[in-house]
Each structure stands twice: as structure tokens, then as C-alpha cells.
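So the chains spell out like this:
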Amino acid sequence: MDIEQVVRNAMIEVAEISDCKLVTAIEADTVLLESGLDSLGYAMLVGQLEEELGIDPFTEMAITIYPSTFAEFVAIYQQGFARKSA
């Protein structure tokens, strides 16, 4: 499963639902706070990803530092999914 693509697709869906406008290209180094989603959008994104992937790594892995870039966000989900699959 391509977790990065799942996250990217979920971001697009959440942006449409929450009437947010994402930056043109979400790259690995895109700063999450500058991506176009607001705090409600990110809450919706985490909920959507939990539904799609069956994990919420922010609670399951007791993450204390929130990711600042898209790549860091994806890495947390990749780690969480790997733990779930193991």
C-alpha cells in the first residue's frame, strides 16, 4: 500500500469537504501549516486516515512532537501502518 498516496488523496478530499484550498503541489518539504488545511481540516484528515488505514498513530504511538512537513506526517503513518501489519 502506498501510504503517501493515501495521505495525499485524503488531504485532497478533506480540502474539498472543508472548503479549504491546498497549495498547488504538496511536496515532501511542504510545511503542513502552509498547505492550505486549517486545524479543523487536520482533525478531519486524521479521522479520515484512521477510517481508511485503521490506525491513529498519534494516539497509538504516543507521539509527542507533531510533524511539521508533509514527509514527516507521511513517515508517522508509514511507521504506524508497519507496526499494525507486523
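Source: prediction; values computed, not measured.

What counts, and where the lines are drawn
Residues numbered from 1 in each chain as written. Predicted model: local features only at pLDDT ≥ 70, side-chain atom pairs only at ≥ 80, totals over all residues. Heavy atoms only, no water. Axes fitted to C-alpha atoms, helices over the stretch in contact; angles between N-to-C directions. Helix = DSSP H or I, 4+ residues; strand = E, 2+ residues; numbered from the N terminus. Parallel < 35°, antiparallel > 145°, perpendicular 65-115°, else oblique. Left-handed = near helix turned anticlockwise from the far one by under 90°. Contact = heavy atoms within 4.5 Å. Nonpolar A, V, L, I, M, F, W, Y, C, P; charged D, E, K, R; others polar. Phe/Tyr/Trp six-rings, centres within 6.5 Å; stacked < 30°, edge-to-face > 60°. Buried < 20%, exposed > 50% of the residue type's maximum accessible area, 1.4 Å probe, protein only.

Here we take up the packing of helix 1 (residues 3–17) against helix 2 (residues 39–53). At their nearest, the axes of helix 1 and helix 2 sit 9 Å apart, and the two run at 130 degrees to each other. In terms of orientation, helix 1 and helix 2 fall into the oblique class. Handedness of the helix 1/helix 2 crossing: right-handed. Where helix 1 abuts helix 2, its residues I3, V6, V7, A10, M11, E13, V14 and I17 lie against G41, Y42, M44, L45, Q48, L49, E52 and L53. In the contact of helix 1 with helix 2, the residues fall into 12 nonpolar, 2 polar and 2 charged.

Counted according to the given criterion, the structure contains 5 aromatic pairs. For the pair F58 and Y77, a centre-to-centre distance of 5.8 Å together with 70 degrees between the ring planes defines the contact as edge-to-face. Of this pair, F58 sits in helix 3 (residues 57–60) while Y77 sits in helix 4 (residues 70–85); the two residues are 19 residues apart in sequence, bridging distant segments of the chain. Like Y77, F58 is buried. Aromatic side chains F73 and Y77 sit 5.2 Å apart centroid to centroid with 50 degrees between the ring planes, which places their arrangement in the tilted category. Here Y77 and F73 lie together in helix 4, a separation of 4 residues that amounts to about one turn. As far as the burial class goes, F73 and Y77 line up, both buried.

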